[in-house]
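Structural overview for review
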Amino acid sequence: MKSFHLDYPFYPVAQLEGTNYGNPVPLKEATCNSIYKVFEDETSTSGNLSFKKTSINKIAGLETKEFKDKDLDLIRIESRKDIVLNGDMEGTGSEKVTQYLIKDTRELYEETREFKYEYVVGEESKRVAEVMTGAYSKRLILKEKYKRSNVSFPELTNKEDKIPYYTNNIGLFIPVTLNSTINTKMYIDPTSESSFMDYDFYVQNFPEKPKNYFYPVNKMSVGSNNILNPGIEIVKDSNVKVDYKIPGVMGKNIISKSVIIVNDKKRLFSLSEPEPGKKIPSKSLLFDLVHNVPVFELTVNGSTAKTTISFNTEEPQISSKLVKQLGLKTIKIAGSKDKPEENVVEKVEVIITPTDRSYFKTQATVKDFGNDDYDFKLGLNYIKGKELIINYKDTWLLINDTK
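The sections below set out a description of the structure shown in this document. Owing to the predicted nature of the structure, the values given are computational and were not obtained by experimental measurement. (Residues numbered from 1 in each chain as written. Predicted model: local features only at pLDDT ≥ 70, side-chain atom pairs only at ≥ 80, totals over all residues. Heavy atoms only, no water.)

Turning our eyes to something else, we now look at the overall build of the chain. Within the chain, the regular secondary structure consists of 3 helices and 32 strands. Relative to its 403 residues, the chain shows a buried fraction of 44%. Restricting to contacts in the chain with at least 6 residues of sequence separation, those with at least 24 account for 58%. Put simply, the chain shows about 22,100 Å² of open surface, and 47% of that area lies on carbon and sulfur atoms. (Helix = DSSP H or I, 4+ residues; strand = E, 2+ residues; numbered from the N terminus. Buried < 20%, exposed > 50% of the residue type's maximum accessible area, 1.4 Å probe, protein only. Contact = heavy atoms within 4.5 Å. Areas by Shrake-Rupley, 256 points an atom, 1.4 Å probe, with all protein chains shown as cover.)

As structure tokens, this is what we get:
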């Protein structure tokens, strides 16, 4: 079944059909015939009337209609809303809505709505039952496509502005300030597809939802360095686990625009703008920036492996595909009792031969990297007691021994 993006101005927070519909998440993509549930609460300006709406929505398919001498591809969405009224009007209602969204834009082309409300009004001694029915349609003019502002770094210049970093069993995290008012912490993950924030943290800390609900952060500060429009999404459930104390992840869409320095001995981190015209250090390792991830070659058990560095693991990780190619023998090790899904972990003995230092032998956890552009991932143990510099603009990295 064909898949396409639901290009609303604000992605609906919805429950996709499935086991109990799953958890509410911002719905960014769906297929034809997908069914999803949305909950809405509205209050009148006076505060004397509230509406609680539960809608079941179906993406009915694609249609083509003519508009200003050209054909438009439209996504048809059919909805039924069940409504409860409280306050000056006590009762229930229903609405049948058909919407046409212009494909590949965030524009509503047309909407038709039929409604029926049954309710009572008036003082207790003068309660009157009423029924309201009707229908209407509206069509909006074609506007320019909605565009989110690009990431920019107007003050990301001071590499000497180093801030403390911390680690736990999930990864490396730093203190940040969001929208100049909210102080929190975020994980640093150079391989994360996106930057995101926990939905519950957002709801509690952004009581007045900004216009751009899905990207509510327009400024993020790392020390004195500021990042505008960082593209931090709001996510209910993510592949990377976060908690309320560390509710976000800074991913490659932000990190790949900068120079990052991690000094493990002093536990300091900096994020800065590359210096134009700076000479590449002689002992640095050049890498290819593949989908905004630094990928370089490393010798693992005598064979060349496409490698990257991340902070969401301590010991190295090796792809199950590379394990099979090299014919490596795996061993099974008991994992954490608190995480049954990780009770058995597969590991292999590997010999790593870097270009700038002597070889060493260690264990690597076997992982399924899927379609990622690397087969081997170095973790925090690799830079223990050292300084790591990754220059994304000039595509080189350097590991220095610290005194």
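After that view of the structure, there is still more to cover.
Along the chain, Gly122 falls in the loop between strand 9 (108-121) and strand 10 (128-139). As for Gly122 and Asp88, which are separated by 34 residues in sequence, their C-alpha atoms are 7.4 Å apart.

Here we take up the sheet that holds strand 31 (residues 386-391). Taken in spatial order, the 6 strands line up as 11-21-20-31-32-22 in an open sheet, and their pairing is antiparallel. One side of each edge strand has no neighbouring strand; the edge strands of this open sheet are strand 11 (163-164) and strand 22 (285-286). Bridging between strand 20 (residues 259-263) and strand 31 involves 5 bridges; their strand directions are antiparallel. Counted as the bridge partner of Val259 is Asn391 from strand 31. (Pairing = 2+ DSSP bridges.)

This paragraph deals with the pairing of strand 6 (residues 49-67). Pairing geometry for strand 5 (residues 35-43) and strand 6, over 9 bridges, is antiparallel. Within the sheet, the bridge partner assigned to Asp41 lies in strand 6 and is Lys52. Pairing of strand 6 with strand 7 (residues 70-87) involves 18 bridges; the strand directions are antiparallel. Within the sheet, the bridge partner assigned to Glu66 lies in strand 7 and is Asp71.

As a further point, take the pairing of strand 9. Pairing between strand 8 (residues 90-102) and strand 9: 12 bridges, direction antiparallel. Note that in strand 9 the partner of Gly93 across the bridge is Tyr117. Relative to strand 10, strand 9 runs antiparallel, the two being bridged by 12 bridges. Paired with Val121 across the two strands is Val128, which belongs to strand 10. The antiparallel pairing of strand 9 with strand 10 creates a hairpin that spans 6 residues between the two strands, and Gly122 there sits at a positive phi of about 100°.

The next point concerns the pattern of salt bridges. According to the stated counting rule, one finds 14 salt bridges in the structure shown. A salt bridge links Lys65 to Glu110, with the shortest nitrogen-to-oxygen separation between them at 3.3 Å. Residue Lys65 is located in strand 6, and its partner Glu110 is located in strand 9; the two are separated by 45 residues in the primary sequence. For Lys65, a relative accessible area of 24% puts it in the partly exposed group. Residues Glu111 and Arg113 are paired through a salt bridge, measuring 3.0 Å at the closest nitrogen-oxygen approach. Across the pair, exposure class does not vary: Glu111 and Arg113 are buried alike. (Salt bridge = Lys/Arg side-chain N within 4 Å of Asp/Glu carboxyl O.)

Overall, antiparallel pairing links the 8 strands, which are arranged 3-2-5-6-7-8-9-10 in an open sheet. Edge positions in the sheet fall to strand 3 (25-26) and strand 10, since each of these pairs with one other strand and no more.

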